[in-house]
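# Coordinate inspection notes
What follows is each chain in one-letter form.
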Amino acid sequence: MVLKIFFPQCCNKADSGLLVGHWLPGQDSAVVLAVIHYPFIPGQVKQYIHQIRGQSGVDLAVLGSWSMPKEGQEGMESFLRELRTIFPQGRWLQLSREMGKIGFTSGGEGKTKEEKTGEEGDKVIFVHYEQRKVMLSQLHPTDPPVPLTQSTSELRQVFGTVSQSESLFFLDKYDDSPVKLTHWQSEGREGSIIVELMKQASTPVCLLTAWILVLWTSLCNSRSVCLGRVLEPSETLKANIFMSFLLDVTLGLLLIYWLYRENRVGQLANALLPAADRVAKELEELLQWLMGAPAGLKMNRALDQVLGRFFLYHIHLWISYIHLMSPFIEMILWYVGLSACLGLTFALSLLSDIIALLTFHIYCFYVYGARLYCLKVYGLTSLWRLFRGRKWNVLRQRVDSCSYDMDQLFIGTLLFTILLFLLPTTALYYLVFTLLRMVVVMVQGVLQLTVDFINSFPLFALGLRVFRSYTLAEGVKFSVLCEEPGTPLHLMMDINPLKFSSVVQTYRTATYSCYPKDSWLALCKKLFLGELIYPWRHKTTKID
């Protein structure tokens, strides 16, 4: 049987005293958390451990004794051994270290009858760990996930025990307490008087910020449940949301500074109207080309002229609409730029809406062309079934056999011929305006991806990974600390930091771009059949 003792490095040179820690349930392992120095009163030690046990929720106990020989303390080891009668334990650890040696030994005193029978085969392994890093770290699941074995479960219990025992580390040497301990904060707590004063002064702001973060986290978690990926609310997630908000506002203020420093809003307003006229001119030239013989293709002239004049009239209406709005364009852009104080994402969203309004004529062209093309495709499909003696059963949603008379077949042949010869003209207009619509959708998609990137980028988590990589732990690695004769094996447990890609994947805030989109095959099918493409429509959206 192997006994594993997780020992903090900060206690290697502690004075003689009692070991305070926790026996891991279901494991033959013990986690040492602190050393209580001599002199002490056993009753006060029991009272202090009971108090910490209630605050932390960890079943803390006196694991044994720790002996660090010094001058004038020759009988200290035997005295500490006798304390087992005051602090009854099933197994009493006796750890001692000699001056000048790295490793220390473990005595076999105080075992039960069952443990004494296998004493000769017992082995002790000391696993040294940095208490501060283990307490501040958060153990993440590996990628790909590793099956939960006894060793992985034991490590999670060790990390959980150290992190939950934070109240044990509040007592340092400057506190007026009869119990003196050695742990990672025994020389003084980490902190600053200025920081503490700022915390006290900013209590209302902190409460308001915490309430906003809790509300936003609950919304993000509800989105994550819809995605099938449940995000546990944590302080890191809240800090990521807060840092994303600060980054968004900062970029928005920089945009305002850039826009209003040299009156660039007026320059943009003056350049918008000529750009709209140029776009209209290019569209008119494109329609004139389609109304002729585009690429040498022979089109149906009557339908070609009707469609071309119809679209030219819409371009005329759009230009009139732009010139009617021209006196108010600069004021609209001025207020849109001022809205960047709410964040860069707000300004980019408004920009996307403005692009949708300015390209409304292209959207109308696309809808008209798609509807005509879709009507002809579905008409040809239905008439093709008529030639094969079949029809679509609406109630059962399937194709059934059907008998037609001669009049129905004659009318179907005429309609099939008309639609077939009109299809190339309609398909050409549909193809051209679909390409224009795809360009607009791509521009809006880039703006939406930028907004999602700013809202979901885990800036705080990446900062932790760069400056305090041990706080985001993916696992641990062990190395041999010392191999001195006459001492057990001593291992050093170091923390493996989480990979940068795993940090982004784990702490990325769920946004609308995380929803499942249509596949490329489904998109090509919609384009071929003439179905409308909406960039904001997802699979969960009901279609009338």
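Residues numbered from 1 in each chain as written. Predicted model: local features only at pLDDT ≥ 70, side-chain atom pairs only at ≥ 80, totals over all residues. Heavy atoms only, no water.

The next point concerns the overall build of the protein. A tally of regular secondary structure across the protein gives 16 helices and 13 strands. Looking at the protein residue by residue over its 544 residues, the buried ones come to 39%. Looking at the protein alone, contacts between residues at least 24 apart form 73% of all its contacts between residues at least 6 apart. As displayed, the protein has an accessible area near 31,600 Å², and 64% of this comes from carbon and sulfur atoms. (Helix = DSSP H or I, 4+ residues; strand = E, 2+ residues; numbered from the N terminus. Buried < 20%, exposed > 50% of the residue type's maximum accessible area, 1.4 Å probe, protein only. Contact = heavy atoms within 4.5 Å. Areas by Shrake-Rupley, 256 points an atom, 1.4 Å probe, with all protein chains shown as cover.)

Time to look at the pairing of strand β2 (residues 17–23). For β2, the tally of buried residues reaches 6 of 7 residues, placing the bulk of the element in the interior. Bridge count for β2 against strand β3 (residues 29–37) is 7 bridges, and the pairing is antiparallel. Paired with G21 across the two strands is V32, which belongs to β3. Between the end of β2 and the start of β3, which pair antiparallel, lie 5 residues, with G26 showing a positive phi angle near 75 degrees. (Pairing = 2+ DSSP bridges.)

Turning next to helix α14 (residues 459–467). Considered for burial, the residues of α14 that qualify are A461, L462, L464 and R465. End-on, the buried residues of α14 take up no more than an arc of 155 degrees, which puts them together on one face. Across α14 from its buried face, at more than 90 degrees, point the exposed residues V466 and F467. Those residues of α14 hidden inside the fold are in contact with α8 (235–261), β12 (472–482), β13 (489–497) and α15 (500–507). (Arc of directions from axis to C-beta.)

Bringing the layout of surface pockets into the picture now. Considering only enclosed or pocket space, the second largest pocket measures out at about 860 Å³ in volume. Only α8, α9 (264–291), α10 (301–338), α11 (344–358) and α12 (360–387) provide two or more residues apiece to the lining of the second largest pocket. If one sorts the elements of the lining of the second largest pocket by residue count, α10 sits on top with 9 residues. Taken together, the residues of the lining of the second largest pocket break down into 26 nonpolar, 3 polar and 1 charged. (1 Å grid on protein atoms, 1.4 Å probe; cavity = no way out; pocket = protein on both sides within 12 Å on 5 of 7 lines; lining within 4 Å. Points joined across faces, edges and corners; volume = space filled by probe spheres on them. Nonpolar A, V, L, I, M, F, W, Y, C, P; charged D, E, K, R; others polar.)

Let us now look at the side chain of N240. Assignment of secondary structure puts N240 in helix α8. A polar contact is formed between the side chain of N240 and the backbone nitrogen of F460, at a distance of 3.2 Å. With near-sequence residues (within four places) excluded, N240 lies in contact with P458, L459, F460, A461 and Y507. (Polar contact = N/O pair within 3.5 Å; in protein donor to acceptor, adjacent residues only side chain to side chain.)

This part covers the UniProt feature "transmembrane region" (unreviewed entry) in the protein. When the UniProt feature table is mapped onto this chain, "transmembrane region" (unreviewed entry) is found at residues 241–260, 332–359, 365–387, 408–432 and 438–462. Along residues 241–260 one finds 100% helix and 0% strand; the C-alpha atoms at either end are 29 Å apart. When the span residues 408–432 is considered, its composition is 100% helix and 0% strand, and the gap between its end C-alpha atoms is 35 Å. (UniProt positions renumbered as here; feature names shortened; annotations may be inferred.)

This part takes up the pattern of salt bridges. Counting across every chain of the model gives 7 salt bridges. As a salt-bridge pair, D59 and R53 come within 3.7 Å of each other at their nearest N and O atoms. Residue classification places R53 among the partly exposed residues on the basis of a relative accessible area of 33%. Residue E262 is joined to R264 by a salt bridge in which the shortest nitrogen-to-oxygen separation is 3.5 Å. (Salt bridge = Lys/Arg side-chain N within 4 Å of Asp/Glu carboxyl O.)

Moving on: unusual backbone geometry. Looking along the chain, the bond that leaves Y38 and enters P39 is cis, with omega of 5 degrees. Unusually for a residue other than glycine, N263 sits at a positive phi of about 55 degrees. Counting through the fold element by element, N263 comes out in the loop between α8 and α9.

Next up on the list: α12. Across its 28 residues, α12 extends 41 Å between first and last C-alpha, which sits within 8% of the 40 Å expected from 1.5 Å per residue. The first or second residue beyond α12 is G389, which carries a positive phi of 75 degrees. (Expected span 1.5 Å × (residues − 1).)

Between α12 and helix α16 (residues 520–529), whose axes approach to 8 Å, the crossing angle comes to 90 degrees. Taken together, the axes of α12 and α16 lie roughly perpendicular to each other. For the pair α12 and α16, the contacting residues are Y373, C374, V377 and Y378 in the first and L527, F528 and L529 in the second. (Axes fitted to C-alpha atoms, helices over the stretch in contact; angles between N-to-C directions. Parallel < 35°, antiparallel > 145°, perpendicular 65-115°, else oblique.)

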